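Letter by letter, the chains look like this.
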Amino acid sequence: MTHMLPPHEQPDSLQIRCPSCGQRFKVGAELRDRTVECGSCEHRFRIDDDTILRAKKFYPGEKRDPRLDMFARVPHAPPVEPTIQRAAYAPEPSHASFEPPSPLRTMTGIVAVVGMISIALVLALGARHGGLLDGVATGNRLALAAFAGLAGGALLVYANPRGRKKAIGVSLLFLAGLLALPFVFDEASAPLGGNPSSPVAKVDSAKGADPKTPESTARIELTPLVEENARLAAAGNGTRAIGVWLRNLRESNQMLVRDYLVRGTGADIARSTMYARGTDEWLMVLSPLTGPVEKVAEVVGRLGRDGDATRIMSDLNVVQVNVDNALFVSGPLEKLQDKNDPAFYDLNRREMESIDPDRVSKAVKRLAEAEPKVYREDITRLLVQHGKDADAALLGNLARALSVWSPPGQSKATEVMEAGLKRVHAARVEPSRELVAFLVSRKVVSIAPVVDELWVNDATAWESLYGDLGPDIEPLILKRLPEAKPSQRQSAVRLLGRVGTSKSLAPIAALAETADPELKVIMERSMKAIRERN
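Residues numbered from 1 in each chain as written. Predicted model: local features only at pLDDT ≥ 70, side-chain atom pairs only at ≥ 80, totals over all residues. Heavy atoms only, no water.

1. Considering the state of the cysteines
Phase 1 of the analysis: As enumerated under the stated definition, the model contains zero disulfides in all.
Phase 2 of the analysis: Between Cys18, a free cysteine, and Cys38, which holds the nearest cysteine sulfur, the sulfur-to-sulfur gap is 3.6 Å.
Phase 3 of the analysis: For the unlinked cysteine Cys41, the closest cysteine sulfur is that of Cys21, found at 3.6 Å. (Disulfide = S-S within 2.5 Å.)

Spelled out as structure tokens, the structure:
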């Protein structure tokens, strides 16, 4: 038996030995009987039986080698099955049950909780006078709470896939708490319930609808109104006092509403008083008045919210109104001032509907510098409306705005501004130059006596506007010319040179004897202009 080659040896290879140096090599079988060169000593020799190494034969048992046990002649016995019980494994769990939530779900849960807490703070802290929810109805607050609770709960359930039941329970607790807040914090809240559709709803006691009950009378506490009416009846001047029951009026707007009611009804501010009647309720006694209670109701109606009714309690001589505190909130300043903003005209038109004179005055100033593109008829009507009871400063701004917004042929604006000028002049208050300039531009010559007095007081300031009135001022100037001061004489002669007729030549020439050189030059120029014109 020959020795078996190792597994890595190939049967077509030969193992040779160099006869010179004894170095062994392995070469291919195709080199048999050919001459090769030793790679070690460079000796050349022929590959034949002398140089080829052959395996030594041996018999079984002759050679002891443990590796020979690998070559068994008899097959091994089959393996014995182990008696160990196999392990039973549970089904593979869902990855979502043990993996951490994704960053998106985590952020969603945080946003949901923070959002619901923020809305809760708004419902609690904003429900006060001057707060974010001042004047917001309870129903609207409930809607806000329900939306925040439902939306936040849905986000919270989405953010907790491993504990949806627990998330639903927490969401319901948040929702219940949010819905309870509008009832707990109900300060400065508008009442629930429908409102009459009529702007002025008169209550007729003959039909059994008069709210004169002991409860309502005790709540309003009409003692000041009764006493004022008794005093006016004793005076016998035919006047009376009317009460206004203001509900949901916050204290910060009290004086603003008082001044508005006094201006609108013509009552005496010294005799008209406002009395507190519980939280956000006031009784305003307007005295003395001569008109019907319906006229007062029209003025009071501007204080109510849209769709709310102004109730006339005829037997109590009281007008009731639920005040809309949103009327006292101005629009965004950046939009009110930006003429290129689409909301500029609409917001300033709303500002002019306010009962706050300061807001009205600012809106008039802004509109006076804007081009009349839209709402021209409405804005002109509001400008004219405010001119009926405006003071001197507001009249000037109104006149400047009307010169831009009012068409030249509109007589109503001219009449109101003329009446305002005469009213201010009668009160010994100097009118603004803009007011006089507006009336002069409309050729209202009836204001000449007023402008004449203004010119007498300050000839330099009013000379140009006075002269723009035309020839109608000639008699007034000739009347003042003999007794005029030196500075006034120069102005009067110049005015006569602009508008005078031949009637002014003789009075001007009569000044030559006492005239100074400067006045004589003015006289010559004026007389020359009159002759050329006539």
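2. A few points about the packing of helix α9 (residues 344-352) against helix α10 (residues 357-368)
Two measures define how a pair of helices packs: the angle their axes make with one another and the distance between the axes.
Phase 1 of the analysis: Remark: α9 packs on α10, axes separated minimally by 8 Å, with the N-to-C direction vectors making an angle of 145°. Crossing of α9 over α10 shows left-handed handedness. Across the interface between the two elements, Phe344, Tyr345, Asn348, Glu351 and Met352 from α9 touch Arg359, Val360, Ala363, Val364, Arg366 and Leu367 from α10.
Phase 2 of the analysis: Of the residues belonging to the contact of α9 with α10, the class tally is seven nonpolar, one polar and three charged. (Axes fitted to C-alpha atoms, helices over the stretch in contact; angles between N-to-C directions. Helix = DSSP H or I, 4+ residues; strand = E, 2+ residues; numbered from the N terminus. Left-handed = near helix turned anticlockwise from the far one by under 90°. Contact = heavy atoms within 4.5 Å. Nonpolar A, V, L, I, M, F, W, Y, C, P; charged D, E, K, R; others polar.)

3. As for helix α1 (residues 103-125)
Phase 1 of the analysis: Between its terminal C-alpha atoms α1 stretches 32 Å, which fits the 33 Å expected from 23 residues at 1.5 Å a residue.
Phase 2 of the analysis: Every buried residue of α1 is listed here: Thr108, Gly109, Ala112, Met116, Leu123 and Ala124. (Expected span 1.5 Å × (residues − 1). Buried < 20%, exposed > 50% of the residue type's maximum accessible area, 1.4 Å probe, protein only.)

4. Describing a nonpolar patch on the surface
Phase 1 of the analysis: Taken together, the side chains of Met107, Ile110 and Val114 define a hydrophobic patch exposed on the protein surface, amounting to about 280 Å² of accessible area.
Phase 2 of the analysis: Tracing the backbone shows Ile110 in helix α1.
Phase 3 of the analysis: On the basis of relative accessibility, which here comes to 43%, the residue Ile110 falls in the partly exposed class. (Patch = residues over 30% accessible without salt bridge, like charges linked within 9 Å, V, L, I, M, F, W, Y side chains within 5 Å. Areas by Shrake-Rupley, 256 points an atom, 1.4 Å probe, with all protein chains shown as cover. Salt bridge = Lys/Arg side-chain N within 4 Å of Asp/Glu carboxyl O.)

5. Some points on the nonpolar core
Phase 1 of the analysis: Within the largest apolar cluster, 60 residues are counted, with the highest numbers of intra-cluster contacts made by Leu383 and Met417.
Phase 2 of the analysis: If sequence neighbours within four positions are ignored, Met417 has contacts with Gly387, Leu395, Leu398, Ala399, Leu402, Leu435, Phe438 and Leu439.
Phase 3 of the analysis: Ranked by size, the runner-up nonpolar core spans 26 residues in total, among them Ile242, Val244, Ile312 and Val319. (Core = buried A, V, L, I, M, F, W, Y, C linked by side-chain atoms within 4.5 Å.)

6. Notes on helix α14 (residues 433-441)
Phase 1 of the analysis: The set of residues buried in α14 consists of Leu435, Val436, Phe438, Leu439 and Val440.
Phase 2 of the analysis: Looking at the packing, one finds that the buried side of α14 touches α12 (392-405), α13 (411-426), α15 (448-457) and α16 (459-467).
Phase 3 of the analysis: Following α14 by one or two positions, Lys443 adopts a phi angle in the positive range, close to 60°.

7. Quick look at the confidence of the model for the protein
Phase 1 of the analysis: Per-residue pLDDT for the protein has a mean of 81; in total, 84% of the residues score no lower than 70.
Phase 2 of the analysis: Per-element confidence in the protein is highest for α14, whose mean pLDDT is 92, and lowest for strand β5 (residues 200-203), whose mean pLDDT is 36.
Phase 3 of the analysis: Note that residues 1-9 has pLDDT below 50 and, in this model, ten contacts with residues that lie over four places away or in other chains.
Phase 4 of the analysis: Counting contacts from residues 190-215, a segment whose pLDDT is below 50, to residues more than four positions away or on other chains yields 46 contacts. (pLDDT = per-residue confidence, 0-100.)

8. What to know about the pairing of strand β6 (residues 240-247)
Phase 1 of the analysis: By the criterion of burial, β6 is predominantly enclosed, with six of the eight residues buried.
Phase 2 of the analysis: As defined by bridge partners, β6 adjoins strand β8 (residues 281-289) across seven bridges and the pair is classed as antiparallel. Its bridge partner lying in β8, Ile242 is registered against Leu286.
Phase 3 of the analysis: Pairing geometry for β6 and strand β10 (residues 318-322), over five bridges, is parallel. (Pairing = 2+ DSSP bridges.)

9. What to know about the environment of Val416
Phase 1 of the analysis: Along the polypeptide, Val416 turns up in helix α13.
Phase 2 of the analysis: In this structure Val416 touches Val384, Gly387 and Lys388, once residues within four positions along its chain are discounted.

10. Notes on unusual backbone geometry
Leave glycine aside and you will find that most residues have negative phi; peptide bonds, for their part, are mostly trans.
Phase 1 of the analysis: The amide bond that connects Ser287 to the next residue, Pro288, takes the cis arrangement and shows omega of -10°.
Phase 2 of the analysis: Structurally, Pro288 is set in strand β8.
Phase 3 of the analysis: Even without a glycine there, the phi angle at Asp33 is positive, about 65°.
Phase 4 of the analysis: With respect to the helices and strands, Asp33 occurs in the loop between β2 (24-28) and β3 (35-37).
Phase 5 of the analysis: Non-glycine residue Lys443 carries a positive phi angle of around 60°.
Phase 6 of the analysis: Using a relative accessible area of 57% as the deciding quantity, one classes Lys443 as exposed.

11. A closer look at the packing of aromatic side chains
Phase 1 of the analysis: As enumerated under the stated definition, the model contains three aromatic pairs in all.
Phase 2 of the analysis: Aromatic side chains Phe344 and Tyr345 sit 5.1 Å apart centroid to centroid with 85° between the ring planes, which places their arrangement in the edge-to-face category.
Phase 3 of the analysis: Residue Tyr345 is classed as buried on the basis of its relative accessible area of 7%.
Phase 4 of the analysis: By way of ring pairs, the aromatic residues Phe344, Tyr345 and Trp405 are connected into one cluster.
Phase 5 of the analysis: Sitting above the plane of the Tyr158 ring, Arg105 keeps its charged end 4.4 Å from the centroid.
Phase 6 of the analysis: Over the ring of Tyr375 we find Arg349; its NZ or CZ atom is 4.7 Å from the centre of that ring. (Phe/Tyr/Trp six-rings, centres within 6.5 Å; stacked < 30°, edge-to-face > 60°. Lys NZ or Arg CZ within 6 Å of the ring centre and 35° of its normal.)

12. Quick notes on the environment of Leu367
Phase 1 of the analysis: Among the structural elements, Leu367 can be located in helix α10.
Phase 2 of the analysis: When its relative accessible area of 0% is taken as the criterion, Leu367 is described as buried.
Phase 3 of the analysis: Distance in space between the C-alpha atoms of Leu367 and Leu336 is 9.8 Å, their sequence separation being 31 residues.
Phase 4 of the analysis: Ignoring anything within four residues of it in the chain, the contact list for Leu367 reads Phe344, Tyr345, Asn348, Met352, Ile379 and Trp405.

13. Brief notes about the environment of Gln15
Phase 1 of the analysis: Among the secondary structure elements, Gln15 is positioned in strand β1 (residues 13-17).
Phase 2 of the analysis: Judged by its relative accessible area of 33%, Gln15 falls in the partly exposed class.
Phase 3 of the analysis: C-alpha separation for the pair Gln15 and Val27, spaced twelve residues apart in sequence, amounts to 6.4 Å.
Phase 4 of the analysis: Those residues in contact with Gln15 that sit more than four places away from it in its chain are Arg24, Phe25, Lys26, Thr51, Ile52 and Leu53.

14. Remarks on the pattern of salt bridges
Phase 1 of the analysis: For the structure shown, the criterion picks out 16 salt bridges.
Phase 2 of the analysis: The salt bridge involving Asp49 is made with Arg32; its shortest N-O contact spans 2.8 Å. Taken as a pair, Asp49 in the loop between β4 (44-46) and α1 and Arg32 in the loop between β2 and β3 lie far apart in primary sequence, 17 residues in all.
Phase 3 of the analysis: Asp49 gets classed as partly exposed once you look at its relative accessible area, which sits at 46%.
Phase 4 of the analysis: Here Arg258 ties to Asp259 by a salt bridge, and the two come within 2.9 Å at their closest N and O atoms.

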